[in-house]
Amino acid sequence: DMEAGGLVIKKDNYTMRVPRSQRSGEVVEPIVSEQWFVRMKPLATPALEAVADGRITILPDRFVRVYNNWLENIKDWCISRQLWWGHRIPVYYVHDSEAAAAASEDGVSSRYVVASSMQEASMLAKEKYGDGVVLRQDQDVLDTWFSSGLWPFSTLGWPNAESSDLKTFYPTQMMETGHDILFFWVSRMIMMGMHLTGQVPFDTVYLHGLVRDEKGRKMSKSLGNVVDPIEVISDCGTDALRFTLATGSAVGQDLNLSMERLTANRNFVNKLWNAGKYVLLMLSKADETEWEAAVSADFSKPEELAKLPLSERWVVSLLHQTIDSVTERFDKYDYNQAGITTYNFFWDEFADWAIEASKPRTYGDAAAAAATSRRVLVYVFERVLRLLHPYMPFVTEELWQALPHSGDALILAQWPSQGLPADTVALAHFDALKGVVRSIRNARAEYGVEEKRRIAATLVVSDVSLRASLEGELPSVALLAKLDADAVSVVPAAPDSGAANQVSLVVQDGLVVLLPMAGLFDVDKEVKRLDKQRQKIEKNLSGVENKLKNPKFMEKASKEYVEEAQAQAAEAREQ
């Protein structure tokens, strides 16, 4: 028409973007058609009120604003979808005859009834339009989010109000999902649930973050950064993957998933497994009576706790505090910190200290002391398994079944009791013991003491109570710090003589460790090492000083380079 009117100046070819179906590859073209909508304001208002009055809590609470903003500005919802799979829209079009139905486009008519079945639709059509009418159901299906919104109750027997599942499990307690579908799914479950059942579907919405790659990018096929969970499970195990996802970020925060983190948690699972093997190895020395006693071990009374040696009293007390802390975190939906707290207790305290400190007794000749130590190991480890079970169900169940236990399965076992006694003195005294061991280990490293060499040590302890505690744990101190067990002593004050030939390590106020220099290193060997080191430093110093004395260097070098050389010379002189 433009050409015919002489209006065309020129004609150019150009490339345009043609939308195509991801599934079929066919060109997607817009077609105007009638769609079914849901009027949303009457559904949104009660859903807003349920969060405002506290019947529903959204975690983290910063997403309440997102929820409110969407519902307050909500538009009517188009629920028609032109797909083959889904809940078919329950609209039945009414035709006067088969021929009329066949002649219509997709069976659509201006007359229709809405019903839950063809039988019900026939009855309604007959009442409204008389006998002999022909029905054709709408070919569209409901929007996926509409169907998903029915999930909390449609899975439990609804609309049968007498369904035992519906009565038992609806409303439920918590809805856990990603924060990106708060308005797509969660809000629709709330609206649908309140409208169709008269009750909120759940009282808490827990929103986890999205799993991203290690650089923080969203995973996508085009970027090639998708982490396949099946491959991760094959490499690291299901428990390690679960623990990584559950503890990787705080509620509502995205998780940057890296193989380093997964590998670290796989190592944690291995550490747990090896600790279980050690506990079982110790139990191999126990008779049937002791095995039964391990099942019923009870330190819920302060007087029972007080009977234990320091290291056992310490780890049981710390366990009781950990149980309280983890339980509090669970009650506050802080699953990230609950898992990390349990992780830290097991790895840093139980595996690194409690097991090692127990060895002088478990391997010792005193049968009663060995039995007590084994009983404590089982008591603590069994409760660690309970705390970790929600995160690592498989390895914890496997280990628990092998330990002395009461009941059929860990998943059915009671959560550890809270409010159990903790001996604060034992906690402080064992911390002092750890300080002693760390200071000696640091001194050994600083002086290059050979790994297998056992050295002497004197612990100067002014406090009478602490002194008694450390005296009772000297075999453990000797083992942990690689000391000569026959050359370790605890005294109330430092000896008057020999100070010049000793290394003094201040652990805390009133606690000092004295190490004789003669036991730390071979003097001749150390002098040779230091002399060699001094010669190397002197050589470096000479080179730097020659530069600084060279007029040409000083003339051409930048101010920054000269200052750097001067700093190197000063450091070398100090060394």
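What you see is a predicted model; the values in this text were computed from it and never measured. (Residues numbered from 1 in each chain as written. Predicted model: local features only at pLDDT ≥ 70, side-chain atom pairs only at ≥ 80, totals over all residues. Heavy atoms only, no water.)

Trainee: Describe the layout of surface pockets, and please don't skip the residues or the numbers.
Mentor: Here the largest pocket is characterised by a volume of approximately 1,100 Å³. Residue composition of the lining of the largest pocket, by class: nine nonpolar, eight polar and eight charged. As a volume, the second largest pocket reaches approximately 710 Å³. P90, V114, L142, F146 and L150 are the residues nearest the centre of the second largest pocket, which is lined by 27 residues in total. Secondary-structure elements contributing two or more residues to the lining of the second largest pocket are β1 (37–38), α1 (41–52), β5 (91–95) and α8 (182–197). Examining the composition of the lining of the second largest pocket, we find that four residues originate from one element, α8, more than from any other. (1 Å grid on protein atoms, 1.4 Å probe; cavity = no way out; pocket = protein on both sides within 12 Å on 5 of 7 lines; lining within 4 Å. Points joined across faces, edges and corners; volume = space filled by probe spheres on them. Nonpolar A, V, L, I, M, F, W, Y, C, P; charged D, E, K, R; others polar. Helix = DSSP H or I, 4+ residues; strand = E, 2+ residues; numbered from the N terminus.)

Trainee: Before we move on, can you summarise the nonpolar core with the specific residues and values?
Mentor: Among the nonpolar cores identified, the biggest contains 89 residues, and L272, F350, V380, F381, L459 and L515 are the most heavily contacted of them. Here this core gets ten residues from one element, more than from any other, and that element is helix α16 (residues 367–388). In this structure L515 touches I440, A443, I455, A456, A457, N501, Q502, V503, L505 and L520, once residues within four positions along its chain are discounted. Of all hydrophobic cores here, the second largest spans 40 residues; its members include W77, L150, W185 and M189. (Core = buried A, V, L, I, M, F, W, Y, C linked by side-chain atoms within 4.5 Å. Buried < 20%, exposed > 50% of the residue type's maximum accessible area, 1.4 Å probe, protein only. Contact = heavy atoms within 4.5 Å.)

Trainee: I'd like a rundown of the pairing of strand β16 (residues 511–516), residues and numbers included.
Mentor: Examined bridge by bridge, strand β13 (residues 455–461) and β16 share four bridges and lie antiparallel to one another. Bridge pairing links V461 to L511 in β16. By the bridge criterion, six bridges tie strand β15 (residues 502–508) to β16 in an arrangement that is antiparallel. Among the inter-strand pairings, V506 is bridged to a residue of β16, identified as V512. Joining the antiparallel neighbours β15 and β16 is a turn of two residues, in which G510 adopts a positive phi near 85°. (Pairing = 2+ DSSP bridges.)

Trainee: Can you break down helix α15 (residues 335–362) residue by residue, with the values?
Mentor: Three- or four-residue spacings in an α-helix give side chains the same orientation, since the helix completes a turn every 3.6 residues. Over its 28 residues, α15 runs only 35 Å from end to end, short of the ideal 40 Å by more than 12%, given 1.5 Å per residue. Considering bend angle alone, the principal kink of α15 is centred on F350 and spans about 45°. (Expected span 1.5 Å × (residues − 1). Bend = angle between axes of the 7 residues up to and from the residue.)

Trainee: Can you tell me about the side chain of H320, naming the residues and giving the values?
Mentor: Topologically, H320 is positioned in helix α14 (residues 310–331). A polar contact is formed between the side chain of H320 and the side chain of Y379, at a distance of 2.8 Å. Residues contacting H320, with those up to four places away along its chain left out, are F299, Y379, L420 and P421. (Polar contact = N/O pair within 3.5 Å; in protein donor to acceptor, adjacent residues only side chain to side chain.)

Trainee: Tell me about the side chain of R212, and name the residues and values.
Mentor: One can find R212 in strand β11 (residues 211–212). A polar contact is formed between the side chain of R212 and the side chain of D254, at a distance of 2.7 Å. Those residues within four positions of R212 in sequence are excluded, and the remaining contacts are R217, K218, M219, D254, L255, N256 and L257.

Trainee: Could you give an account of the sheet that holds strand β7 (residues 134–137), with specific residues and numbers?
Mentor: Each strand in a sheet pairs with another by means of backbone hydrogen bonds, the pair being arranged parallel or else antiparallel. Strands sit in the order β6-β5-β7 across an open sheet of three strands; the sheet is antiparallel. Looking at strand neighbours, the two that pair on one side only are β6 (112–114) and β7, the edges of this open sheet. Between one strand axis and the next, the sheet turns by 30° as a mean value, whatever way the strands run. Looking at chain direction, β5 and β7 are connected through four bridges and run antiparallel. (Axes fitted to C-alpha atoms, helices over the stretch in contact; angles between N-to-C directions.)

Trainee: Could you give an account of the packing of aromatic side chains, naming the residues involved and the relevant values?
Mentor: Under the defined criterion, the tally for this structure stands at 28 aromatic pairs. On the basis of an interplanar angle of 40° and a centroid distance of 5.3 Å, the ring pair of F243 and F268 is categorised as tilted. Of this pair, F243 sits in helix α10 (residues 238–247) while F268 is found in helix α11 (residues 259–283), placing the two residues 25 residues apart along the sequence. For the pair F243 and F268, one class covers both residues: buried. Ring geometry for F268 against W347: centres 6.2 Å apart, planes inclined by 20°, an arrangement best described as stacked. Placement of F268 in helix α11 and of W347 in helix α15 is noted, with a sequence separation of 79 residues between them. (Phe/Tyr/Trp six-rings, centres within 6.5 Å; stacked < 30°, edge-to-face > 60°.)

Trainee: Would you mind going over the packing of α10 against α11 in detail, with residue names and values included?
Mentor: In contact at an axis separation of 8 Å, α10 and α11 are set at 120° when each is read in the N-to-C sense. Classified by the interaxial angle, the pair formed by α10 and α11 is oblique. When the axes of α10 and α11 are compared, the crossing they make is right-handed. For the pair formed by α10 and α11, the contact residues are D239, A240, L241, F243 and T244 on the first element and R261, L262, N265, R266, F268 and V269 on the second. Of the residues contributing to the contact of α10 with α11, the split by class is six nonpolar, two polar and three charged. (Parallel < 35°, antiparallel > 145°, perpendicular 65-115°, else oblique. Left-handed = near helix turned anticlockwise from the far one by under 90°.)

Trainee: How would you sum up the UniProt feature "coiled-coil region" (unreviewed entry) in the protein chain? Please name residues and give values.
Mentor: Under the UniProt annotation, the feature "coiled-coil region" (unreviewed entry) is placed at residues 520–575. Taken as a whole, residues 520–575 contains 89% helix and 0% strand, while its terminal C-alpha atoms sit 22 Å from one another. (UniProt positions renumbered as here; feature names shortened; annotations may be inferred.)

Trainee: Which residues make up empty space enclosed by the protein, and what values do they have?
Mentor: Under the criterion given, the structure shown has two cavities of 30 Å³ or more. Here the largest cavity defines a volume of roughly 60 Å³. Together, S311, E312, V315, F350, A354, S358, S373, V376, L377 and V380 line the largest cavity. Secondary structure elements with two or more residues in the lining of the largest cavity: α14, α15 and α16. It is α16 that contributes the most residues to the lining of the largest cavity, four residues altogether. For the lining of the largest cavity, the class distribution of residues is six nonpolar, three polar and one charged. Quantified by volume, the second largest cavity comes out at close to 40 Å³.

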